[in-house]
Amino acid sequence: MATRAFGAELPAWVDEEVEAARADLGTDEGRMRLLNRLAERNVAEGSGGPFAALAVRSGTGEVVAAGVNLVLASGLSSMHAEVVTISVTQARLGTWDLGAEADPLELWVNWRPCAMCYGATLWSGVRALVVAGDGPELEAFTGFDEGPMRDDWAAQLEARGVAVRIGVLRDEAVAVFQRYGAIPDKTVYNARTGSGA
Ligand SMILES: [Zn+2]
C-alpha cells in the first residue's frame, strides 16, 4: 500500500524550553534569546538546521507556539521552522488564518525566511514578521541556499498587511550561524545533496 499520510512532530524539549524561558519572554530580546537557544539545541539534538520560530500574540505578547526546523527528523524538505511553527499554531488554534484571531499573531524567526517560508508567511495570515536579521550572513556561514528572494520582500509583505521588523539581537543570531558553520560533517540539506550527487 502506498503511503498516504505524512507529518512531523515537535520534540517535547521545544515546549520545555519555552516554559523555562517564560519569565524572559516579555521583551523583544527575551523572545529572540529563546529563538537562538532553540535553534542551537535543534542542531545538537539532530532534528534539523539552526532555525526556530515563534507564534506570538501581537497584543499580549503571549507565545502561543514555538517550532524548530524538522527536516532531518521528519525526512520532509518543507519542514522549515516557519512552516512547522505556523502549522502547529494553526493546529492548536483550529484555524488556517492566524490574522483572524481577536488578538492576531506575529511570526518571530531567527533570520529572514527563505523563498518557501516567505510564501508560507503570506499564506498564514500573520500580521507581523519579526526577524533577527536579513543579510547574506546566514547563507555565508551555514551553506544553506535560501532561494531567489525578491529584493523588495519586506515591502511586498507590508503591502499585504504583514508588518516587518528587522534587527532584534542580530549579532547573537549570526553567532549561532557561525558556530553551526564550524561543525564538521553536518548535514546541509540543500536540494541535490541528499544522495551526495
Ligand atoms: Zn524556509
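Quick look at the structure, then.

Calculation notes
- Residues numbered from 1 in each chain as written.
- Predicted model: local features only at pLDDT ≥ 70, side-chain atom pairs only at ≥ 80, totals over all residues.
- Heavy atoms only, no water.
- Pairing = 2+ DSSP bridges.
- Helix = DSSP H or I, 4+ residues; strand = E, 2+ residues; numbered from the N terminus.
- Axes fitted to C-alpha atoms, helices over the stretch in contact; angles between N-to-C directions.
- Contact = heavy atoms within 4.5 Å.
- Donors = N, O, S within 2.8 Å, 3.2 Å for Na, K, Ca; no water.
- Buried < 20%, exposed > 50% of the residue type's maximum accessible area, 1.4 Å probe, protein only.
- Core = buried A, V, L, I, M, F, W, Y, C linked by side-chain atoms within 4.5 Å.

A word on the sheet that holds strand β4 (residues 128–131)
Right, so step 1: Taking strand neighbours across the sheet as the criterion, the five strands line up as β2-β1-β3-β4-β5 in an open arrangement whose pairing is mixed. At either end of the open sheet lies a strand with only one pairing partner, and these are β2 (63–68) and β5 (163–166). Shown here is a sheet whose adjacent strand axes are inclined to one another by a mean of 15°, direction ignored.
Right, so step 2: Note: β4 against β5, four bridges, orientation parallel. Across the sheet, Leu 129 pairs through a bridge with Val 164, a residue of β5.
Right, so step 3: Against the sheet, helix α4 (residues 81–93) touches β1 (52–57), β2 and β3 (105–109), its axis set at about 140° to β2.

So, the environment of Trp 153
Right, so step 1: Residue placement: Trp 153 occurs in helix α7 (residues 153–159).
Right, so step 2: In this structure, the C-alpha to C-alpha distance between Trp 153 and Pro 113, residues 40 residues apart in sequence, is 9.8 Å.
Right, so step 3: If sequence neighbours within four positions are ignored, Trp 153 has contacts with Arg 112, Tyr 118, Leu 129, Asp 134, Val 164 and Ile 166.

Quick look at the coordination of the zinc ion
Right, so step 1: Of the protein atoms, only His 80 (ND1), Cys 114 (SG) and Cys 117 (SG) coordinate the zinc ion, at distances of 2.1 to 2.4 Å.
Right, so step 2: In primary sequence terms, the donor set of the zinc ion follows H-x33-C-x2-C. Taken together, the positions of His 80 in the loop between α3 (71–74) and α4 and Cys 114 in the loop between β3 and α5 (115–124) put the pair 34 residues apart, joining distant regions of the chain. Like His 80, the residue Cys 114 is buried in the burial classification.

Here's the deal with the nonpolar core
Right, so step 1: Formed by 58 residues in total, the largest nonpolar core has its most connected members in Met 32, Leu 38, Leu 54, Val 68 and Leu 129.
Right, so step 2: The contact partners of Met 32, leaving out residues within four places of it in the chain, are Trp 108, Val 109, Asn 110, Val 130, Val 131, Ala 132, Val 168 and Leu 169.

Quick word on the environment of Val 164
Right, so step 1: Tracing the chain through its elements places Val 164 in strand β5.
Right, so step 2: Each C-alpha atom of the pair Val 164 and Ala 128 lies 5.8 Å from the other, and the pair is 36 residues apart in sequence.
Right, so step 3: Excluding its chain neighbours within four sequence positions, the residues that come into contact with Val 164 are Leu 129, Trp 153, Ala 154, Leu 157 and Glu 158.

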